[in-house]
Amino acid sequence: MARLRELAQQGQVDVASAASLKTQLSRWENGTVPDEPYRTLLAELYERELGELGIDVTPHWERSHEIPGLLTEIRDELRTLNELLRDRKDSTPQP
C-alpha cells in the first residue's frame with residue numbers, strides 16, 4: 001500500500017487516504033474492479049498488464065453475448081439444488 005501511494009505521489013495522482021485505500025484494496029482482492037487511477041497504478045506497481053492482474057475492463061456491452069450461457073448455468077444449478085432439497089426432504093423421517 002505504501003508503494004502504491006508512493007507511485008501516486010510520483011505521478012502527481014490523488015488517491016484515497018491510507019485507511020480508505022486499505023478498504024479499497026480488500027474490495028479489489030474480492031473482485032471489485034478498481035477505478036482509474038488505481039488500475040494504472042496497480043499495473044505500474046506490479047509491472048503487469050491489467051489482464052494479467054485479473055482486472056477485466058471489458059465494457060459490459062462487449063460481454064453481453066455471455067449472458068445466455070450464464071443464465072443456462074444458473075438454471076442448471078438451481079435445478080440441481082432443488083433436486084437435492086427434494087431428496088433430503090423425502091429422506092427425512094416424518095413425525
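Residues numbered from 1 in each chain as written. Predicted model: local features only at pLDDT ≥ 70, side-chain atom pairs only at ≥ 80, totals over all residues. Heavy atoms only, no water.

Draft legend 1. Quick look at the packing of aromatic side chains. This structure, assessed with the given rule, holds one aromatic pair. Residues W28 and Y38 carry aromatic rings whose centres are separated by 5.2 Å and whose planes lie at 50 degrees to one another, so their mutual orientation is tilted. Placement of the pair is W28 in helix α2 (residues 18-29) and Y38 in helix α3 (residues 38-46), with a sequence separation of ten residues. Residue classification places W28 among the buried residues on the basis of a relative accessible area of 14%. Classification of Y38 by relative accessible area gives buried; the value is 9%. (Phe/Tyr/Trp six-rings, centres within 6.5 Å; stacked < 30°, edge-to-face > 60°. Helix = DSSP H or I, 4+ residues; strand = E, 2+ residues; numbered from the N terminus. Buried < 20%, exposed > 50% of the residue type's maximum accessible area, 1.4 Å probe, protein only.)

Draft legend 2. Local environment of the layout of surface pockets. Taken as a whole, the largest pocket encloses approximately 220 Å³ of empty space. As for the largest pocket, its lining consists of 13 residues, of which W28, P34, L42, L53 and I55 are closest to the centre. Residue assignment for the lining of the largest pocket shows that the elements contributing at least two residues are α2 and α3. Sort the elements by how many residues they give to the lining of the largest pocket and α2 lands first, with three residues. Class assignment of the residues belonging to the lining of the largest pocket gives a composition of eight nonpolar, three polar and two charged. (1 Å grid on protein atoms, 1.4 Å probe; cavity = no way out; pocket = protein on both sides within 12 Å on 5 of 7 lines; lining within 4 Å. Points joined across faces, edges and corners; volume = space filled by probe spheres on them. Nonpolar A, V, L, I, M, F, W, Y, C, P; charged D, E, K, R; others polar.)

Draft legend 3. Inspection of the nonpolar core at higher detail. In terms of nonpolar packing, the biggest core is built from ten residues, these being L4, L7, A8, A16, L21, W28, Y38, L41, L42 and I55. Every element with two or more residues in this core is listed here: α1 (2-10), α2 and α3. Once you skip the residues sitting within four places of it in the chain, I55 turns out to touch V33, P34, R39, L42 and L50. (Core = buried A, V, L, I, M, F, W, Y, C linked by side-chain atoms within 4.5 Å. Contact = heavy atoms within 4.5 Å.)

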